[in-house]
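Residues per chain are reported as follows:
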Amino acid sequence: MMSNEARESAEKTHFFDVPAFLTVSGQLHLEVMAGAFTQVFTFGPTFRAENSQSRRHLAEFYMVEAELSFTESLQDIMQVMEDLFKTATNTVLSKCPRDVELFHKYIAPAQKDRLEQMLKNKFVTISYNEAVEILKQASQTFTFKPEWGCDLQTEHEKYLVKHCGEVPVFVINYPYDLKPFYMRDNEDGPQRTVAAVDLLVSGIGELCGGSLREERLPFLESRLQRLGLTDAYRWYLDLRKFGSVPHGGFGMGFERYLQCILGVDNIKDVIPFPRFSHSCLL
């Protein structure tokens, strides 16, 4: 048996000599690699300690993330998002038709038509401001009242897709205070926004999230200082301090993508060992 003194000593000793945590995203490290290789991506497990029992949340899931250097346009990021979705889906449909047909026949009979709509139509783009106005004018009663400055809830996201004809919807330019420190400030007046984008799809809500990154050192320093995160992200500041380029990227949840193309209602049914709050059996 380990003595109390030995246990306390072990608890104070970190394996890496510093505190280390499970990753919520590979994005910041991708930004490092994008500085060398221009266009990079990663696909791996990510972890979120979100205390949610919903049909679209997991504590551990897989994510495809991409980062592109030399872009000053959110449209460039959105085009890659749309191309990724359509190319990947067409590849799945051509290489695994029987698997997809099984789900479309027995699990979600209407999903085949919805998927065809997604693939043949150009994705719709609306601003966050427009999204809030659409929600405010909706005849539907929402559990969460839509207000400028508040995050869009799942019910809002699903309504916006339905409003736009069940075609995937890009929502762009979110309020500055809603988004993380690394998103680029649009410098657009009293209703301050950042160059962020979420891709919403039928039945799921948010599938992808991305942004232009803040490459301007003074802007990044100022925001990190206000958040009290300067010391923790000094290495990230150095990426700008010693030379950077305009860049951006996004992430797509793989399990939500499977839900979307197969029509599976619960995210826990598209991963072999679902782990979520209060449940980590395997």
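This text gives an overview of the structure that appears in the document.

## Thoughts on the overall build of the chain
Tallying secondary structure elements over the chain gives 10 helices and 7 strands in all. On C-alpha atoms alone, the chain measures out to a radius of gyration of 21 Å, which is about the 19 Å that the 2.2 N^0.38 rule sets for 282 residues. Seen through its principal axes, the chain has C-alpha atoms that stretch 60 × 55 × 40 Å. Out of the 282 residues in the chain, the part that is buried amounts to 44%. Put simply, of all contacts in the chain between residues at least 6 apart along the chain, 67% involve residues at least 24 apart. Total accessible area on the chain stands at roughly 15900 Å², and carbon and sulfur atoms take up 55% of it.

## Here's the deal with the pattern of salt bridges
With the rule as written, the count across this model stands at 15 salt bridges. Taking the shortest distance from any N to any O, the salt bridge between Arg56 and Glu157 comes out at 3.3 Å. Of this pair, Arg56 sits in the loop between β1 (39–47) and β2 (60–69) while Glu157 sits in helix α7 (residues 154–163); the two residues are 101 residues apart in sequence, bridging distant segments of the chain. Linking Asp185 and Arg192 is a salt bridge whose minimum nitrogen-to-oxygen distance equals 2.5 Å.

## Some points on the pairing of strand β5 (residues 193–201)
Within β5, 9 of the 9 residues are buried, which leaves it mostly tucked inside the rest of the structure. As defined by bridge partners, strand β4 (residues 169–175) adjoins β5 across 6 bridges and the pair is classed as antiparallel. Looking at the pairing, Ile172 lines up with Val197 of β5. Between the antiparallel neighbours β5 and strand β6 (residues 205–212) lie 3 residues, among them Gly203 with a positive phi of about 80 degrees.

## Here we look at the sheet that holds β4
In spatial order, the strands read β1-β2-β7-β6-β5-β4-β3; together these 7 strands make up an open sheet with mixed pairing. On the outer flanks of this sheet lie β1 and β3 (124–127), each paired with one strand and no other. Averaged over neighbouring strand pairs, the angle between their axes works out to 20 degrees when direction is ignored. Looking at chain direction, β2 and strand β7 (residues 247–253) are connected through 7 bridges and run antiparallel.

## Some thoughts on a nonpolar patch on the surface
There is a patch of nonpolar side chains on the surface, built from Val32, Met33, Phe37 and Trp235 and spanning about 380 Å² of accessible area. Ranked by residues supplied to the nonpolar patch, first place goes to helix α2 (residues 27–37) with 3 residues. Mapping Met33 onto the fold places it in helix α2. According to the relative accessible area criterion, Met33 is partly exposed, its value standing at 39%.

## A word on helix α8 (residues 217–227)
Leu217, Leu220, Arg223 and Leu224 are the residues of α8 that are buried. Along α8, the residues classed as buried sweep out an arc of 140 degrees about the axis, all on the same side. More than 90 degrees from the buried face of α8, the exposed residues found are Pro218, Gln225 and Arg226. Contacts from the buried residues of α8 go to β5 and α9 (234–241). Positive phi appears at Gly228, one or two residues downstream of α8, with a value of about 70 degrees.

Criteria and cut-off values
- Residues numbered from 1 in each chain as written.
- Predicted model: local features only at pLDDT ≥ 70, side-chain atom pairs only at ≥ 80, totals over all residues.
- Heavy atoms only, no water.
- Helix = DSSP H or I, 4+ residues; strand = E, 2+ residues; numbered from the N terminus.
- Rg over C-alpha atoms; globule rule 2.2 N^0.38 Å.
- Buried < 20%, exposed > 50% of the residue type's maximum accessible area, 1.4 Å probe, protein only.
- Contact = heavy atoms within 4.5 Å.
- Areas by Shrake-Rupley, 256 points an atom, 1.4 Å probe, with all protein chains shown as cover.
- Salt bridge = Lys/Arg side-chain N within 4 Å of Asp/Glu carboxyl O.
- Pairing = 2+ DSSP bridges.
- Axes fitted to C-alpha atoms, helices over the stretch in contact; angles between N-to-C directions.
- Patch = residues over 30% accessible without salt bridge, like charges linked within 9 Å, V, L, I, M, F, W, Y side chains within 5 Å.
- Arc of directions from axis to C-beta.

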